[in-house]
Amino acid sequence: METATSIGAYLIQRLYEEGVHHVFGVPGDFVLKFDKLLEESPIELINTCDEQGAGFAADAYARLRGLGAVCVTYSVGGLKIANTTAQAFAEKSPVVVISGSPGTQERHKNPLLHHKVRDFDTQYKVFQELTIASTILDDPSTAFSEIDCVLTAALRYKRPVYIEIPRDMVNTPGNPHYFRKQQVDESNAETLAEAIREAVTLINAAKQPIILADVEIHRFGLQDALLQLTEQTNIPVAETVLGKSVISEHHPNYIGLYAGALGNELTCRYVESSDCLIMLGVFLTDINLGSFTAHLDPKHSISVTSERTSIQLHTYEDIRLQDFMDGLIGAAIKPQQDLKLPNYRKPATSFIPVTHHPITIARLFERLNLFLDHNLIVIADVGDALFAGLDLFVHGRSRFLSPAYYASLGFAVPASLGAQTASPGTRPLVLVGDGAFQMTGMELSTIARYGLNPIVVVLNNGGYGTERPMLDGRFNDVLPWRYSQMPKLLGVGRGFDVWTEDELETALRESHSHSASFCILDVHLEANDTSVALKRLTEGLGQRVNA
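Residues numbered from 1 in each chain as written. Predicted model: local features only at pLDDT ≥ 70, side-chain atom pairs only at ≥ 80, totals over all residues. Heavy atoms only, no water.

You'll find the chain entered in an unreviewed UniProt entry as Alpha-keto-acid decarboxylase, with Phormidium tenue NIES-30 given as the organism. UniProt lists a comment for the chain under the heading Sequence similarities (unreviewed entry), and it reads "Belongs to the TPP enzyme family." Recorded in UniProt under Function (unreviewed entry), the annotation for the chain is "Decarboxylates branched-chain and aromatic alpha-keto acids to aldehydes." (UniProt positions renumbered as here; feature names shortened; annotations may be inferred.)

Pasting the structure below:
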């Protein structure tokens, strides 16, 4: 580097170079200097109502752009996003957590500064448990290399990282002689070649091979590779709950969502009877496996993730998922012929609303299937927003976001902020329960402030509908808000009260035509009206609760 650059400026430069053009956060005195640098940089700082909203927004941004960032102050801000960072770690979302902290010169003799919890490094220790890499930029001679190491880890492992910057270090020059070396991340060539040979032998000998694609196809941007692999080999593709929308669900080789007993029965049978199951980026979580109702035989499986490769009963180390997929694409795999694919249910082609007939979960999602188009991205919160949403037919790849493994309520509304910022050409269709909306729904204020226009569908059933079948009580109830009145509160947007099918029809048509600001639909549902998939899941979870 020819001229000295400050530590804060270098961090901003590197974020921008990696595609982070927006940072979400809430200001505070220990991070104000860095916030000011952001404000004067090409990166737009988006102030949210609450830190948790900023964390969820950065998570959604990272899922679509490959890297996201959230910026908060020390402890009172940082510890508020411990939950969102944990979700990002669990679901492999590369979020850079940036926290201001007391200056290095303020820490002498361990004074009781405001926001301090126990020791000055208490927050740092917390985030070491929630991230793949972490650093405190308290040494100008190493700060630049620390930033690069941490960002490299986020991109390599697709998990969150933590960067703490003491406020007296923000404008301090770093090492002027630092030279950034390009990091090379490659598979072991011999190991990769042997794994490809064994995999191709297994695939070519199979009568019913199938690809099961999951979350890492999203995270590592391998949708094109997946599409090329299935079209070149004619091997059909099923997806998981976490992997939903890795491929267009209208593609002829797509055979449905596999989630054990939670998913489509025909898809389940086809996957579990396969003599060669090619699992690409698959996480074997309880929800992906339908509350452990899945039956997958490792003796007939090829399983490749960014962390581990196993073929039948053999394990291979040092293989990148993207290199393995490239190897399969370049290998001599015989295209499949005359496959008898399951007669997977296609969405209805019309919806005739019954006047004055109460709306139900089934009819709501039947209509939403027809409402979807290439410009909409579905963002589903936990509960029937997710599980009924699994039956939606998504048109494009990576057009369905949900915390389907970590399952933190309150993701969807702030996630729509991150998603539309990351991909301005898309419009979010937000599916959120009333309980989840009450946690983070005020981020509609941020959405209004920045002129975004999601369509928010509130599944209003009077509380936590996911938990009622497991164990009910008054603790599952929430105060009934008038969600359709949010536009009056914020002074912008359109609100709709939906009790019947014809009211839903009117609300969706008007929401589609109103693109100037957000729309919110308060869809009134019976408390016991849930999807079949959610009933199956809660029965399994309820048995554990009551055991």
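Asker: Explain the overall build of the chain to me, using residue names and the numbers behind them.
Answerer: Of regular secondary structure, the chain possesses 19 helices and 19 strands. Relative to its 547 residues, the chain shows a buried fraction of 60%. Partitioning the intrachain contacts of the chain with sequence separation of at least 6 by distance along the chain shows that 77% fall at a separation of at least 24. The average position of the 45 basic charges and that of the 64 acidic charges among the side chains of the chain differ by 1 Å. (Helix = DSSP H or I, 4+ residues; strand = E, 2+ residues; numbered from the N terminus. Buried < 20%, exposed > 50% of the residue type's maximum accessible area, 1.4 Å probe, protein only. Contact = heavy atoms within 4.5 Å. Lys, Arg positive; Asp, Glu negative; His and termini not counted. Charge placed at Lys NZ, Arg CZ, Asp CG, Glu CD.)

Asker: Please give an account of the packing of aromatic side chains that cites residues and values.
Answerer: Tallying each qualifying case throughout the model produces 11 aromatic pairs. Considering the side-chain rings of Tyr10 and Tyr178, the 6.2 Å spacing of their centres and the 90 degrees angle between planes classify their relative orientation as edge-to-face. Of the two residues, Tyr10 sits in helix α1 (residues 7-17) while Tyr178 sits in the loop between β6 (161-166) and α7 (189-205), which places them 168 residues apart along the sequence. Tyr178 matches Tyr10 in its accessibility class, with the two residues each being buried. (Phe/Tyr/Trp six-rings, centres within 6.5 Å; stacked < 30°, edge-to-face > 60°.)

Asker: Could you give an account of the pairing of strand β10 (residues 276-280), with specific residues and numbers?
Answerer: Within β10, 5 of the 5 residues are buried, which leaves it mostly tucked inside the rest of the structure. The two faces of β10 match: Cys276, Ile278 and Leu280 on one face and Leu277 and Met279 on the other face are all buried. As defined by bridge partners, strand β7 (residues 209-213) adjoins β10 across 5 bridges and the pair is classed as parallel. Residue pairing for β10: Pro209 is matched across the bridge by Cys276. Alignment of β10 against strand β11 (residues 301-304), held across 4 bridges, turns out to be parallel. The residue bridging Leu277 from the neighbouring strand is Ser301, located in β11. (Pairing = 2+ DSSP bridges.)

Asker: Hey, could you go over the pairing of strand β17 (residues 455-460) for me, with residue numbers and the actual values?
Answerer: Taking burial as the measure, the 6 residues of β17 include 6 buried ones, the bulk of the element. Here β17 shows a buried face lined by Ile455, Val457 and Leu459 and a second buried face lined by Val456, Val458 and Asn460. In this sheet, strand β19 (residues 519-524) lies alongside β17 in parallel orientation, the contact comprising 6 bridges. Residue pairing in the sheet places Val457 in a bridge with Leu521 of β19.

Asker: An account of the environment of Cys49 is requested, with residue identities and associated values reported.
Answerer: Turning to its location among the elements, Cys49 is positioned in the loop between β2 (44-47) and α3 (51-65). Sequence spacing of Cys49 and Gly25 is 24 residues, and the spatial spacing of their C-alpha atoms is 8.7 Å.

Asker: Give a detailed account of the UniProt feature "domain: Thiamine pyrophosphate enzyme N-terminal TPP-binding" (unreviewed entry) in the chain, specifying residues and quantitative values.
Answerer: As annotated by UniProt and renumbered to match this structure, "domain: Thiamine pyrophosphate enzyme N-terminal TPP-binding" (unreviewed entry) occupies residues 7-111. Along residues 7-111, the helical share is 41% and the strand share 19%, with 25 Å between the first and last C-alpha atoms.

Asker: Describe the domain arrangement of the chain, and please don't skip the residues or the numbers.
Answerer: Under the domain assignment used here, the chain contains domain 1 (7-166), domain 2 (189-330) and domain 3 (361-546). The C-alpha centroid of domain 2 is placed 34 Å from the C-alpha centroid of domain 1. Counting residues at the interface gives 9 residues for domain 1 and 8 residues for domain 2. Summed over both partners, the interface of domain 1 with domain 2 comes to about 820 Å²; 49% of that surface belongs to carbon and sulfur atoms. Seen at the junction of domain 1 and domain 2, the total is 3 salt bridges. Here Lys92 makes a salt bridge to Glu216, at a shortest N to O gap of 2.7 Å. Applying the counting criterion to the domain 1 and domain 2 interface returns 6 residue pairs in polar contact (both at pLDDT 80 or more). Classifying every residue of the side of domain 1 that touches domain 2 gives 2 nonpolar, 1 polar and 6 charged. (Domains from an automatic or database assignment. Buried area = accessible area lost by both parts, 1.4 Å probe. Salt bridge = Lys/Arg side-chain N within 4 Å of Asp/Glu carboxyl O. Polar contact = N/O pair within 3.5 Å; in protein donor to acceptor, adjacent residues only side chain to side chain. Nonpolar A, V, L, I, M, F, W, Y, C, P; charged D, E, K, R; others polar.)

Asker: With reference to specific residues and values, describe the sheet that holds strand β3 (residues 68-72).
Answerer: In spatial order, the strands read β2-β1-β3-β4-β6-β5; together these 6 strands make up an open sheet with parallel pairing. Pairing within the sheet leaves two strands with one partner each, and these edge strands are β2 and β5 (133-136). Direction aside, the axes of adjacent strands within the sheet are offset by 20 degrees on average. Where strand β1 (residues 22-25) and β2 come together, 4 bridges link them in parallel fashion. When the bridges of β2 are listed, His22 appears paired with Glu44. (Axes fitted to C-alpha atoms, helices over the stretch in contact; angles between N-to-C directions.)

Asker: Account for the side chain of Lys92, with residues named and values stated.
Answerer: Its location among the elements puts Lys92 in the loop between α4 (82-90) and β4 (95-101). From its side chain, Lys92 meets the backbone oxygen of Tyr157 in a polar contact 3.3 Å long. Not counting chain neighbours up to four residues away, the residues in contact with Lys92 comprise Tyr157, Lys158, Arg159, Glu216, Arg219, Phe283, Ser306 and Glu307.

Asker: An account of α4 is needed here, citing residue identities and associated values.
Answerer: Burial of α4 is extensive: 7 of the 9 residues sit out of reach of the surface. When we look at burial in α4, the residues that qualify are Ala82, Thr84, Thr85, Ala86, Gln87, Ala88 and Ala90. Within two residues after α4, Lys92 carries a phi angle of roughly 55 degrees, on the positive side.

Asker: How would you explain the packing of helix α9 (residues 223-233) against helix α11 (residues 321-330) if you had to name every residue and give the values?
Answerer: Helix-helix packing: each pair is described by the crossing angle between the helix axes and the interaxial distance. At a minimum axis distance of 10 Å, the contact between α9 and α11 shows a crossing angle of 25 degrees. In terms of axis orientation, α9 runs roughly parallel to α11. Note on packing geometry: the crossing formed by α9 with α11 is left-handed. On α11, the residues that touch Ala225, Leu226, Gln228, Leu229 and Gln232 of α9 are Met325, Leu328 and Ile329. A per-class count over the contact of α9 with α11 returns 6 nonpolar, 2 polar and no charged. (Parallel < 35°, antiparallel > 145°, perpendicular 65-115°, else oblique. Left-handed = near helix turned anticlockwise from the far one by under 90°.)

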